[in-house]
Amino acid sequence: MSKQKQREVTEDQDEEIKSEESETEWVGERVNSYDGSRFVSGHGRYVDDIQRPDMLHAYFVRSQYSHAKVLDVETSEAEAHPGVELVWTHDDIADKVEEPFGYMLHDEEVLASDRVTYAGQEVAVVVANERDVAQEAADLVDIEYERLDTITNVEDALADDAPLVHPDLDADPENDTDGNVAWSGQVEVGNYEDPLADADVVVEDTFQTNKTTPAPMEPHGCIADYDPATGSVELVSSTQMPHLLSVEISEVLKNFEQRDITCRLPDVGGGFGIKLDPYPFEICSILLSKATQRPVKHVLDRLEEFTAGRGRSPEELDGRLGVTEDGNIVGIDVDLLQNTGAAAAYGVAVAYSSANCGQGPYLIPNQHWRTKVVYTNEMPTTAVRGFGDPQVTFMREQLIEMAAEEIGMDAIELRLKNTPRQEDMPMRSDAGHIWRNADQVTCLKKTREMINWDEHRGGSKTRDGKLRGVGMGTIMKRGGNKSASGGDFDEAVVKMNRNGDVTVLTAIASIGQGTETGINQMVADTLGIPIDRVDAVRGDTDATPEGLGVWADRGTIIGGSAAARAAEDLAETLKAVAAHMLDVDPEDVRLGDGRAYDATDPDTGIEIEDLANTAMLGNPETLGPESERPEILQNGISLVGRGKYQSQEVEFVDPDTGRGNVAHSYTLGALAIVVDVDPGTGEIDVVDVAICEDVGNVINPKLVEGQVQGAIVQGLGETLYEEYAYDNNGNLMNGSMIDYHLPTAADVPLVTKIEELENPDPTTSHGQKGVGECPLVPTSAAVANAVYDATGIRFTELPLAPHYVLPALDDAGLREI
């Protein structure tokens with residue numbers, strides 16, 4: 001991975017930067033993952049690895065129907081099964097929970113009461129001394145259903161005579177649910193009533209994205225352990241947001257306050273967004289542990305994960321884009337329908353993010369987005385990596401290339417003509433985003449160069465008869481978010497022991513993304529110590545200060561900045577101690593190479609372990625009487641630094657216009673892909689990939705490279721292979737790894753053409769911006785544009801799998817037998 005540092009500085013500033021950079025040892029280096037050696041040597045400890053004495057196991061009885069009335073649940077045979085402790089239905093928990101519950105809309109039950117709304121919904125739960133025993137007993141629970149009409153697509157859901165997924169919500173005058181429309185919103189910019197009025201050319205089409213699962217290696221799971229002596233519970237959960245999870249679960253459980261719920265984070269085998277929600281299994285496990293006064297574990301198996309683990313929201317986007325003859329984009333007009341499944345979960349936030357961020361990295365003065373989040377009888381969807389941006393980018397970037405073709409302009413030139421300029425920043429986008437210090441122009445030009453755009457563009461035929469083309473998609477991905485309770489924030493504590501070893505206490509969860517490694521690098525540099533002297537405690541609500549977890553590319557931006565501030569707080573103390581001991585000006589003290597030293601005389605210094613030990617003991621014989629010390633060194637010296645980072649940038653969107661700065665920062669970039677289409681089979685091979693992003697200062701190039709490669713591979717899987725397939729009765733037809741095609745090493749190319757521009761964000765601790773979600777956002781659009789370039793066929797529906805592609809090639813006369 002190559003890097004470009006783009007800084008404009010005066011000569012004096014240049015000397016200052018060189019001096020500062022000479023002390024930077026870890027930030028910007030390819031440091032190995034903090035957890036890497038432990039994981040690759042097989043010493044990870046996930047939820048299912050954890051055993052507790054006298055532990056019980058829960059197993060859920062799930063609905064076999066997608067829509068039905070629950071007439072009766074007979075549990076006596078299951079209760080009599082040897083080894084069974086309890087069998088619960090909704091009647092057993094009704095007085096213990098606040099229902100309905102949900103992240104943004106209250107539309108979920110912990111266990112279904114009188115109606116099930118999707119196949120896989122929890123109806124009853126069995127607790128036994130072994131998981132196999134609980135599963136056997138679950139098969140003995142007899143449920144009598146009355147089947148109801150099923151809705152599996154938004155068109156049927158919006159019909160006047162459509163059966164209602166949540167009739168009680170529709171009938172509630174205090175609820176905004178309207179029929180099967182859970183939520184509707186809009187984004188209105190400029191002449192939104194007629195956004196295409198100034199266009200010479202209008203291109204339009206309807207685009208359909210697919211429902212997918214990120215299928216993390218570790219399914220969902222938890223262990224609840226109630227302590228009757230204190231009335232509190234420990235919840236070990238494979239989650240992305242331990243602190244928020246304790247908040248949200250306490251709002252569901254009647255007899256628990258947040259202080260009664262300690263969430264602890266085990267090793268987490270991936271999350272990708274679907275481990276943000278509070279799930280029924282977590283709520284039930286807590287209640288069951290309290291009832292039995294024994295630990296209760298529940299870990300979903302892979303089949304359960306497919307049917308109840310949630311996934312990406314499919315969206316139908318009816319879009320129109322208007323341009324002038326000379327290539328100015330004047331407006332965009334979009335109707336967006338989201339199939340949120342049987343519960344909204346994060347669907348509302350995903351939908352408004354799609355609309356609010358739908359303009360991408362373009363200047364579009366007139367916009368009108370109309371969105372509806374629609375209930376159906378499918379498994380609920382939720383947050384997934386990219387959070388609505390991949391869906392809308394699939395539409396927008398194809399419209400961009402369609403418009404370029406209509407006016408006879410190269411598609412990259414059209415993008416360049418409508419891209420914000422770095423010299424104009426900071427600036428407000430038309431949708432209200434604050435863009436700072438980002439160079440999208442160079443991103444586009446570098447990507448064009450790396451992919452050999454001019455050589456491939458226009459389509460060609462390879463020696464083996466395949467059709468080759470190139471396409472592009474652009475990136476504008478938000479980092480951080482405006483939470484429902486206020487601004488985006490994280491707190492951190494950095495403490496040093498008497499030997500000079502450091503522990504970072506952060507609310508940032510570790511789900512395999514490596515954020516803790518980058519945080520440790522920033523802390524190590526701030527304190528001037530080796531990276532191997534920094535440890536991390538993550539996501540334990542008893543041990544770490546508050547924070548919002550990992551999602552929205554916020555970990556390094558928000559959590560990292562908080563940890564850096566905590567390290568700076570500790571560094572001030574260390575410098576004061578060193579200055580007092582060395583009898584030098586505190587302003588001249590530097591920390592580096594594992595010591596504190598006088599910048600005017602580097603030979604005058606003290607090793608960090610000696611400094612820490614002296615400060616910790618605080619002996620008057622060494623430091624002198626307290627009355628003779630600086631004030632910061634009186635009343636005991638605490639080697640604990642504290643820091644909080646709360647974004648002052650993010651805003652709630654305007655409820656009338658949908659405009660607003662919904663994130664702390666934004667990562668811009670471009671991705672291009674070369675594909676070969678086999679006219680005999682309809683298979684699409686990805687031949688080459690190039691990406692250039694402006695990610696601010698790169699904290700760890702190795703981790704960035706891994707995130708980029710992983711995101712692109714995930715995007716290719718969703719583009720070419722993956723989709724949830726339901727029959728007309730709402731039954732999942734491909735709910736296993738055999739039938740659901742995740743990409744393998746044989747399916748994807750090596751992704752090595754990665755260029756990261758380093759234009760620091762002036763508001764974060766080290767200039768960092770978001771990285772992890774960004775490369776997935778444009779992948780589907782780039783592939784679709786490349787396939788069009790190769791074949792002349794515009795594919796507007798995902799996935800671009802052979803059974804969809806081959807018939808289209810046949811219709812176009814391109815199929816070769």
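Residues numbered from 1 in each chain as written. Predicted model: local features only at pLDDT ≥ 70, side-chain atom pairs only at ≥ 80, totals over all residues. Heavy atoms only, no water.

Colleague: Help me out: how do you make sense of the environment of Val-350 in this one?
Modeller: On the secondary structure map, Val-350 appears in helix α11 (residues 347-356). Each C-alpha atom, one on Val-350 and one on Leu-716, is 21 Å from the other, the two residues being 366 residues apart in sequence. Not counting residues up to four positions away in its chain, the partners in contact with Val-350 are Ser-313, Glu-315, Gln-338, Thr-382, Ala-383, Phe-387, Gly-388 and Gln-391. (Helix = DSSP H or I, 4+ residues; strand = E, 2+ residues; numbered from the N terminus. Contact = heavy atoms within 4.5 Å.)

Colleague: Help me understand the sheet that holds strand β27 (residues 640-646), please; the structure alone is not making it clear to me.
Modeller: Adjacent strands of a sheet pair through backbone hydrogen bonds, lying either parallel or antiparallel. On the basis of which strands lie adjacent, the open sheet formed by four strands has the order β23-β22-β21-β27 and mixed pairing. Of all strands in the sheet, those with a lone pairing partner are β23 (534-538) and β27, marking the two edges. Neighbour to neighbour, the strand axes of the sheet diverge by 20° on average, direction disregarded. The pairing of strand β21 (residues 489-496) with β27 spans seven bridges and is antiparallel. Note that in β27 the partner of Lys-495 across the bridge is Val-640. Across the sheet, helix α16 (residues 515-527) lies against β21, β22 (502-506) and β23, angled at about 135° from β23, the strand it touches most. (Pairing = 2+ DSSP bridges. Axes fitted to C-alpha atoms, helices over the stretch in contact; angles between N-to-C directions.)

Colleague: I tried to follow the sheet that holds strand β11 (residues 232-237) on my own but got confused; where do I start?
Modeller: The seven strands lie next to each other as β4-β6-β2-β13-β10-β11-β12, forming an open sheet whose pairing is mixed. Single-partner strands in this sheet number two, and they are β4 (84-88) and β12 (261-264). Here the strands of the sheet are splayed against their neighbours by 20° on average, with no regard to which way each runs. Where strand β2 (residues 56-62) lies against strand β13 (residues 296-299), two bridges are found, and the strand directions are parallel. Across the sheet, residue Leu-56 finds its bridge partner in β13, namely Val-296. Packed on one face of the sheet, helix α5 (residues 131-138) meets β2, β4, β6 (122-128) and β13 and runs near 25° to β2. Running over the sheet, helix α9 (residues 280-292) touches β2, β4, β6, β10 (221-227), β11 and β13 and is turned about 30° from β10.

Colleague: Looking at this structure, how should I read the nonpolar core?
Modeller: The nonpolar side chains of soluble globular proteins are, as a tendency, buried together. Within the largest apolar cluster, 80 residues are counted, with the highest numbers of intra-cluster contacts made by Met-395, Ile-673, Val-677 and Leu-800. It is helix α12 (residues 389-407) that contributes the most residues to this core, nine residues altogether. The residues contacting Leu-800, other than those within four sequence positions of it, are Ile-684, Thr-719, Leu-720, Val-783, Ala-784, Val-787, Phe-795 and Val-805. In terms of nonpolar packing, the next biggest core, distinct from the first, is built from 51 residues, Ile-508, Met-522, Ala-566 and Ala-579 among them. (Core = buried A, V, L, I, M, F, W, Y, C linked by side-chain atoms within 4.5 Å. Buried < 20%, exposed > 50% of the residue type's maximum accessible area, 1.4 Å probe, protein only.)

Colleague: Hey, could you run me through unusual backbone geometry in this one?
Modeller: With the exception of glycine, the majority of residues adopt a negative phi angle, and the majority of peptide bonds are in the trans configuration. A cis amide bond links Met-425 to the next residue, Pro-426, at an omega of 0°. Along the chain, the position of Pro-426 falls in the loop between α13 (411-417) and β17 (427-428). Across the junction of Leu-798 and Pro-799, the peptide omega takes the value 0°, indicating a cis bond. Here Pro-799 is to be found in the loop between α21 (779-791) and α22 (802-811). Despite not being glycine, Gln-293 shows a phi value in the positive range, around 55°. Here Asn-635, not a glycine, exhibits a phi torsion of approximately 60°, which is positive. As for its placement among the helices and strands, Asn-635 is situated in the loop between α19 (620-623) and β27.

Colleague: How should the pattern of salt bridges be read in this particular structure?
Modeller: Two side chains with opposite charge may pair up if their charged atoms get near one another. This model, assessed by the stated rule, comprises 48 salt bridges. When the shortest N-O distance is used, the salt bridge between Glu-108 and Arg-310 registers 2.7 Å. Taken as a pair, Glu-108 in the loop between α4 (90-93) and β5 (115-116) and Arg-310 in the loop between α10 (302-308) and β14 (315-323) lie far apart in primary sequence, 202 residues in all. Here the two residues Glu-108 and Arg-310 agree in accessibility, since each one is buried. In this structure, Asp-688 engages Lys-753 in a salt bridge whose closest nitrogen and oxygen atoms are separated by 2.6 Å. Remark: Lys-753 occurs in strand β30 (residues 753-758) and Asp-688 occurs in strand β29 (residues 684-694); sequence separation between them is 65 residues. A single network of salt bridges, built from pairs that share partners, joins Arg-52, Asp-225, Glu-234, Arg-264, Asp-540 and Asp-542. (Salt bridge = Lys/Arg side-chain N within 4 Å of Asp/Glu carboxyl O.)

Colleague: Is there a simple way to think about the side chain of Thr-447 in this case?
Modeller: The topology assignment puts Thr-447 in helix α14 (residues 440-450). When its relative accessible area of 0% is taken as the criterion, Thr-447 is described as buried. In terms of polar contacts, Thr-447 uses its side chain to reach the backbone carbonyl oxygen of Ala-670, at 3.3 Å. With near-sequence residues (within four places) excluded, Thr-447 lies in contact with Met-472, Ala-670, Leu-671, Ala-672, Ala-690, Ile-691 and Cys-692. (Polar contact = N/O pair within 3.5 Å; in protein donor to acceptor, adjacent residues only side chain to side chain.)

Colleague: What's the story with the packing of α12 against α21 in this structure? I'm lost.
Modeller: A packed helix pair is summarised by two numbers, namely the angle formed by the two axes and the spacing between the axes. Where α12 contacts α21, the axes come no closer than 8 Å and their chain directions differ by 35°. When the axes of α12 and α21 are compared, the crossing they make is right-handed. For the pair formed by α12 and α21, the contact residues are Thr-393, Phe-394, Glu-397, Gln-398, Glu-401 and Glu-405 on the first element and Ser-780, Ala-781, Ala-784, Asn-785 and Tyr-788 on the second. Grouping the amino acids of the contact of α12 with α21 by side-chain chemistry returns four nonpolar, four polar and three charged. (Left-handed = near helix turned anticlockwise from the far one by under 90°. Nonpolar A, V, L, I, M, F, W, Y, C, P; charged D, E, K, R; others polar.)

Colleague: Can you walk me through a negative patch on the surface in this structure?
Modeller: Negative charge collects at one region of the surface, where Asp-72, Glu-74, Glu-77, Glu-79, Asp-142 and Glu-144 lie side by side. Listed by contribution, the elements that provide at least two residues to the negative patch are β3 (68-74), α3 (76-79) and β7 (142-147). Tracing the chain through its elements places Glu-77 in helix α3. Exposure remark for Glu-77: the relative accessible area of 52% places this residue in the exposed category. (Patch = residues over 30% accessible without salt bridge, like charges linked within 9 Å, V, L, I, M, F, W, Y side chains within 5 Å. Areas by Shrake-Rupley, 256 points an atom, 1.4 Å probe, with all protein chains shown as cover. Lys, Arg positive; Asp, Glu negative; His and termini not counted. Charge placed at Lys NZ, Arg CZ, Asp CG, Glu CD.)

Colleague: Would you mind showing me how to read the state of the cysteines here?
Modeller: Here, disulfide denotes a covalent bond that connects the sulfur atoms of two cysteines. For the structure shown, the criterion picks out zero disulfides. Not engaged in a disulfide, the cysteine Cys-774 finds its nearest cysteine sulfur in Cys-443; these two sulfurs lie 11 Å apart. Residue Cys-774 is classed as buried on the basis of its relative accessible area, which comes to 0%. (Disulfide = S-S within 2.5 Å.)

Colleague: Help me understand the packing of aromatic side chains in this model?
Modeller: What the rule picks out here adds up to eleven aromatic pairs. Ring geometry for Phe-39 versus Tyr-46: centroids 6.2 Å apart, planes at 25°, classification stacked. For Phe-39, a relative accessible area of 29% translates into the label partly exposed. An aromatic cluster is present here, built from Phe-306, Tyr-724, Tyr-726 and Tyr-740 joined pairwise through their rings. A cation sits over an aromatic face here: Arg-794 above Tyr-788, 4.2 Å from the ring centre. (Phe/Tyr/Trp six-rings, centres within 6.5 Å; stacked < 30°, edge-to-face > 60°. Lys NZ or Arg CZ within 6 Å of the ring centre and 35° of its normal.)

Colleague: What is the right way to look at the environment of Val-698 in this model?
Modeller: Within the secondary structure layout, Val-698 lies in the loop between β29 and α20 (701-720). Between the alpha carbons of Val-698 and Lys-275 there is a distance of 27 Å; along the sequence they are 423 residues apart.

Colleague: Looking at this structure, how should I read the confidence of the model for the protein chain?
Modeller: Interpreting fine coordinate detail is not advised for predicted regions of low pLDDT. In this model, the protein chain carries an average pLDDT of 95, and 97% of its residues clear a pLDDT of 70 or more. Overall, residues 2-22 carries pLDDT values under 50, and its contacts beyond four positions in sequence, including any with other chains, amount to 29 contacts. (pLDDT = per-residue confidence, 0-100.)

Colleague: How do you make sense of α12 when you look at a structure like this?
Modeller: Between its terminal C-alpha atoms α12 stretches 27 Å, which fits the 27 Å expected from 19 residues at 1.5 Å a residue. Count one or two residues on from α12 and you reach Gly-408, which has phi positive near 70°. (Expected span 1.5 Å × (residues − 1).)

Colleague: Could you clarify how one ought to interpret the environment of Gln-391 in this entry?
Modeller: Within the secondary structure layout, Gln-391 lies in helix α12. Along the sequence, Gln-391 and Val-675 sit 284 residues apart, while their C-alpha atoms lie 20 Å from each other. Excluding its chain neighbours within four sequence positions, the residues that come into contact with Gln-391 are Thr-209, Arg-312, Ser-313, Glu-315, Leu-317 and Val-350. Separated by 3.5 Å, the side chain of Gln-391 and the backbone nitrogen of Gly-388 make a polar contact.

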